[in-house]
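Chain by chain, the residues:
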Amino acid sequence: MKNKKIILGITGGIAAYKAAFLIRLFKKADAQVKVVCTQHALEFITRVTLESLSENRLYDAVFAEQNDYTTEHVALTDWGDVFVVAPATANIIGKLAGGIADDALSTSLLAFNRQVFMAPAMNCKMYEHFAVQKNLAFLKSQGVHIISPAEGFLACGYEGRGRMEEPETIFAIVDAYFAAEESPLKGKKILVTAGPTHESIDPVRYIGNHSTGKMGYAIASELLRRGANVTLVSGPSNLSAHDMIDFVPVKTAQEMFDACMSIFPETDATIMAAAVADYTPETISKHKIKKEQNEDALQLMLKPTPDILRQLGKIKQKQVLGGFALETDNEEDNAIRKIKSKNLDFIVLNSLRDAGAGFSVETNKITIIDNKHQITRYPLKNKTEVAADIADTLEKYFSP
Ligand SMILES: Cc1cc2nc3c(=O)[nH]c(=O)nc-3n(C[C@H](O)[C@H](O)[C@H](O)COP(=O)(O)O)c2cc1C
């Protein structure tokens, strides 16, 4: 968010104190912040706090002597890249929806023609009121990004929806907006697979692997952050995907194959991070296999599962196709062979020999190899940072 210019609007609600944390988050990310607030906001948070944290003069009155310009609302709104109102009272929501400009904040909002974010905060009865809901629906339809309030215990003693979203969440939403604005992945349809597959042996047992889905989920989130339309096909995992991700849960390798085959033709890119079983039991016992009937040994006959990556490589047209390789030896040679045999654009290689790489852990150490055999080695990083490196790689294929 370096050097992005943020106008932060603050209104008269208890959550105004949280705006101080939000300013800190923006400043820590090297953004510039100018605050414009209502007179009622100053009942809840002081000018000194806002000016000290933002390192800019507060704009709170249309006709104030210290204004830099006589039409400060226009100068301010020309300056800002985005306008974030947090907290947004029922009052300011109604004013903006109705085109009212009777103080510094509402006047500035009307003079602003770029992206506006509003984080409503109020008593749950106020939030559910038909007038507020009608105003929010109208603002949404006009492109205002409404950051829905959370449910929970409210400062007024009520329990319900109306608590302003946490500053970290508001920050993440604005951050994602800037990331998407600048990313060539914005609007691209991208399929990501994640997690293990479970191949049933009988009604209670399966063959699986140690994949948790962390890497694939992190990639899906990062691509979403950059404005892509993401579909996540996931094997069984305890993780939950962002609600803006099109989530397709599957269990077996065959189910993952079927899902990928139907989604892939419509995509611009696909990243296969799932740890798909290579073999599955030839037959699934209808009843639980009894120990007493297999005292010495239990023999399972396994058959190969469909090779999803190879099949996608075969039918690939315009799609950028990236795969994963988890190897234990001859890592780079094996990965290069996989690129060729599966017609991939690039492969993300991680080795189980590297400490901190692979399943279950929060970190990964990857090497990305493309189909011209260009090799980029990365240091050990957390999986969110690794996901950003993979998204950077993908961006190169869509850069003009
Ligand atoms: C202690 C207190 C807390 C309030 N909290 C909220 C709130 O969270 N949300 C809201 O919409 N109004 C709240 N109000 C009412 C607003 O302050 C009031 O509607 C005011 O006119 C809003 O003005 P503004 O939007 O210009 O800041 C609160 C009032 C008081 C006295």
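Residues numbered from 1 in each chain as written. Predicted model: local features only at pLDDT ≥ 70, side-chain atom pairs only at ≥ 80, totals over all residues. Heavy atoms only, no water.

Side note on the pattern of salt bridges
For the record, the criterion: We count a salt bridge whenever a side-chain nitrogen from Lys or Arg sits within 4 Å of a carboxyl oxygen from Asp or Glu. Per the convention used, a helix needs a DSSP run of H or I reaching at least four residues, while a strand needs a run of E reaching at least two, with both numbered from the N terminus. Accessibility here uses a 1.4 Å probe with only protein chains present; expressed as a share of the type maximum, an area under 20% marks a residue as buried, one over 50% as exposed, and anything in between as partly exposed.
Under the criterion given, the structure shown has 22 salt bridges. A salt bridge links Arg225 to Asp175; the nearest nitrogen and oxygen atoms lie 2.8 Å apart. Linking Arg225 in helix 9 (residues 214-225) with Asp175 in helix 8 (residues 167-182), this pair joins segments that are 50 residues apart in sequence. Residue Asp175 is classed as buried on the basis of its relative accessible area of 19%. For Lys381, the salt bridge goes to Asp389, with nearest N and O atoms at 2.9 Å. Taken together, the salt bridges that share partners define one network made up of Asp175, Glu222, Arg225, Arg226, Asp392 and Glu395.

Here we look at the sheet that holds strand 16 (residues 320-327)
Rules: Strands were regarded as paired on the criterion that DSSP finds at least two bridges between them. A fitted line through C-alpha atoms serves as each axis, taken over the contacting stretch for helices, and the angle formed by two N-to-C directions is quoted from 0 to 180°. Between two residues, a contact is recorded if the distance between any of their heavy atoms is within 4.5 Å.
The strand order across the open sheet formed by eight strands is 12-11-8-13-16-17-19-20, and the pairing between neighbours is mixed. Unpaired on one side and paired on the other, strand 12 (246-249) and strand 20 (375-377) mark the two borders of the sheet. Strand-to-strand, the axes of this sheet are offset by a mean angle of 15°, without reference to chain direction. Inspection of the sheet shows strand 13 (residues 269-272) paired to strand 16 by four bridges, in the parallel sense. Note on strand 16: the bridge partner recorded for Ile271 is Gly322. The strands touched by helix 12 (residues 331-341) within the sheet are strand 16, strand 17 (346-351), strand 19 (366-370) and strand 20, with strand 17 carrying the most contacts at an inclination of about 150°.

A word on the packing of aromatic side chains
This is how it is decided: Here a pair means two rings of Phe, Tyr or Trp (six-membered ring of Trp) with centres within 6.5 Å. Their orientation is stacked below 30 degrees between planes, edge-to-face above 60, and tilted elsewhere.
Tallying each qualifying case throughout the model produces seven aromatic pairs. When the centroid spacing of 5.7 Å and the interplanar angle of 45° are considered together, the rings of Phe26 and Phe171 count as tilted. Pair noted here: Phe26 is in helix 1 (residues 16-28) and Phe171 is in helix 8, with a separation of 145 residues, a long-range link. The two residues Phe26 and Phe171 agree in class, both being buried. Arranged with centres 5.5 Å apart and planes meeting at 80°, the rings of Phe117 and Tyr177 form a pair that is edge-to-face.

Looking at helix 10 (residues 253-263)
Here helix 10 has its buried residues at Ala253, Met256, Phe257, Ala259, Cys260 and Ile263. In this structure, the buried residues of helix 10 make contact with strand 8 (189-194), strand 9 (199-200), strand 11 (229-234), strand 12, strand 13 and helix 11 (308-315).

Concerning the environment of Ser54
Quick reminder of the rule: Any pair of nitrogen or oxygen atoms within 3.5 Å is treated as a polar contact; in protein, a donor-acceptor pairing is required on top of that, and neighbouring residues in sequence qualify only through side-chain atoms on both sides.
Within the secondary structure layout, Ser54 lies in helix 2 (residues 47-54). Judged by its relative accessible area of 1%, Ser54 falls in the buried class. When the C-alpha positions of Ser54 and Arg24 are compared, they lie 7.8 Å apart, and in sequence the two are 30 residues distant. Residues contacting Ser54, with those up to four places away along its chain left out, are Ile23, Lys27, Val33 and Val35. At a separation of 2.8 Å, a polar atom in the side chain of Ser54 contacts the main-chain carbonyl oxygen of Leu50.

A few points about the site of the ligand
Basically, it comes down to this: To be near a molecule or strand, a residue needs just one of its heavy atoms within 4 Å of it. Gly counts as polar in this scheme, as do all residues outside two lists: the nonpolar Ala, Val, Leu, Ile, Met, Phe, Trp, Tyr, Cys and Pro, and the charged Asp, Glu, Lys and Arg.
Surrounding the ligand, one finds 13 residues, the nearest of these being Gly12, Thr38, Thr89, Ala90 and Ala121. Here Thr38 contributes a side-chain N or O atom positioned 2.7 Å from an oxygen atom of the ligand. In the environment of the ligand, an oxygen atom lies 3.1 Å from a nitrogen or oxygen atom belonging to the side chain of Asn91. Across the shell around the ligand, the residue classes tally to six nonpolar, seven polar and no charged.

Here's the deal with the domain arrangement of the protein chain
Which entries qualify depends on this criterion: Here the limits of each domain have been adopted from an automatic or database domain assignment. Accessible area, probed at 1.4 Å, shrinks when two parts are joined; the buried area is that loss added up over both.
Its domain assignment divides the protein chain into domain 1 (5-180) and domain 2 (184-398). Averaged C-alpha coordinates put domain 1 and domain 2 at centres separated by 41 Å. Taken together, the contacts link four residues of domain 1 with four residues of domain 2. Buried surface at the junction of domain 1 and domain 2, both sides included, amounts to about 350 Å², of which 54% is carbon and sulfur. Contact with domain 2 buries area across many residues of domain 1, yet Ala176, Ala179 and Ala180 alone supply 85% of it, more than any other trio. At the boundary of domain 1 with domain 2, the tally comes to one salt bridge. At the junction of domain 1 with domain 2, the criterion picks out one residue pair in polar contact (both at pLDDT 80 or more). Looking at the side of domain 1 that touches domain 2 residue by residue, the class counts come to three nonpolar, no polar and one charged.

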